[in-house]
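A structural walkthrough
What follows is each chain in one-letter form.
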Amino acid sequence: MIRSLQRGHAPNCSSSGSVVGAALLSTAGAAVIVNAFAWRFLRWLEGGSPPGGEPPRLRQEGEEALLSDAEGSIAVLDAEGAEAARERGVVEVGGGQPVPGALTAPTEVHLAITDRCPVRCAGCYLEAGPQGQDRPLDGLVAELDALSAMGVLELAFGGGEVLLRPDLLDLLDEARARGMRPNLTSSGFGLSPELARALRDRVGQVNISLDGLGAIYRRVRGFEGAELGLRAIRTLSEAGVRVGVNTVLTRPLLEEEGALAALGEAIAQAGASEWQWLRFKPAGRGAEVYEQMVPSPAQAQALWPAALALEQSTGLVLRFDCAMMPFLVSHQPPLEALQRLAVRGCPGGHSLWARGVDGGWAPCSFVPGEAVQDPAQAWREQPTLLAWRERAQAPPEPCASCEYREICRGGCRVVAAFRGQPMAADPECPRVILWAA
Ligand code: SF4
Ligand code: SF4
């Protein structure tokens, strides 16, 4: 009935991350997580309340269907499961026959709603700063109309500092009124207890960007912001908002012994429930500092064991972002567990689409966008999306012969482009490095 499950999307600067903790150590672990959702789903089918108190949304994808609940789980259902869900009562959105190499529509769209920010972080991929501007609300609402008509399930609003938009609550209400679940990423600027309470019933989750404690945060981002981030986690948590943390993994954070563990302990104590690790992307101002920030191959290889240990010591749910997949699959976790938990690399152009602050649309947030007249048509036909899909379906070696190709999808195009060949295999993948040696 349920073929796979992506539990609880977490917004971040790049894409929804995948659960990568102990559940991957055995197929039984993955089954336990899938069954937790299956149990709620079955209770709902038998007359119980739907997860999150709202009817789930269902989108047909050819023979299968996506079921999205209000708590942020997305399950892939077979025909029997879809029929049972329909009988119980779902909100049908979009759907139809998937386009070659992609879903009928993105499950998630990233919308950069501002490039205004009180600070100018050294690695900001959006090049945000005090000179930035909020994107006008009326233009964003028109885009929400188009995305809702396509059957998009989730939105990630990012920037810039999204909490400083004076009309943020209006924008969130507009998204929810169109049946889409908005999530936010913030550094914590502008958050008050009142705003946190107002966010509680409007967002699925807020992720606070926190790239280290004390001097490490300053080295990575260029200002003292760790306390701001920790305070924001506490404020959101006390207001009952589901809160996660995004940490971009950098050499300064990983080279100081104990720094990652201390960060995990601090964010768990502050009240976060999830901790998502992101790969540093050479985009925007990030390209200028990439060589100083990118972890060494040995540091990258040590990440998954560290994630397993920290998940156990902190109680946080650990996630890796889309670009981290080569560093996960190099440890050869069970393929079936990866599939059942819908662990996925590079969703750009397949299930993810991004609209930059300049209004351009791109396969993901870290590549330049292009003007689009009709989003639904562009999703089917835009040449850049077609090229990304073709590349994911027919990757070059060593991805072509990689056992984890379906999961990883060839690694990160942004890193490959930075190293010179956008459609090449991810040059920092351990298997690619070995292949080239
Ligand atoms: S290119 Fe792919 S893997 Fe890299 S950040 Fe974009 S969506 Fe993620
Ligand atoms: S070889 Fe390619 S598909 Fe396999 S893990 Fe590396 S980047 Fe991913």
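Predicted, not measured: the structure shown is a model, and the values here were computed from it.

The next point concerns the domain arrangement of the chain. Each domain of the chain was delimited in the assignment, giving domain 1 (2-92) and domain 2 (108-393). One C-alpha centre belongs to domain 1, the other to domain 2; they are set 22 Å apart.

Right, let's talk about the pairing of strand S14 (residues 352-355) for a bit. On S14, burial covers both faces: Leu352 and Ala354 on one face and Trp353 and Arg355 on the other are all buried. In this sheet, S14 lies alongside strand S7 (residues 108-112) in parallel orientation, the contact comprising four bridges. Across the sheet, the residue bridging to Leu111 is Arg355, located in S14. Taken together, the two bridges between S14 and strand S15 (residues 361-362) define a ladder with antiparallel strand orientation. Bridge pairing in S15 links Ala354 to Ala362.

What follows covers helix H2 (residues 79-88). For H2, the set of buried residues is Gly81, Ala82 and Ala85. End-on view of H2: buried residues confined to an arc of 100°, all on one side of the axis. Structural note: H2 exposes Ala79, Glu80 and Glu87 on the side pointing more than 90 degrees away from its buried face. Positive backbone phi, at 115°, marks Gly89, one or two positions downstream of H2.

Reading the values: the criteria
Residues numbered from 1 in each chain as written. Chains lettered and ligands numbered in written order. Predicted model: local features only at pLDDT ≥ 70, side-chain atom pairs only at ≥ 80, totals over all residues. Domains from an automatic or database assignment. Buried ≥ 20, exposed ≤ 12 C-beta atoms within 10 Å, placed from the backbone. Helix = DSSP H or I, 4+ residues; strand = E, 2+ residues; numbered from the N terminus. Pairing = 2+ DSSP bridges. Arc of directions from axis to C-beta.

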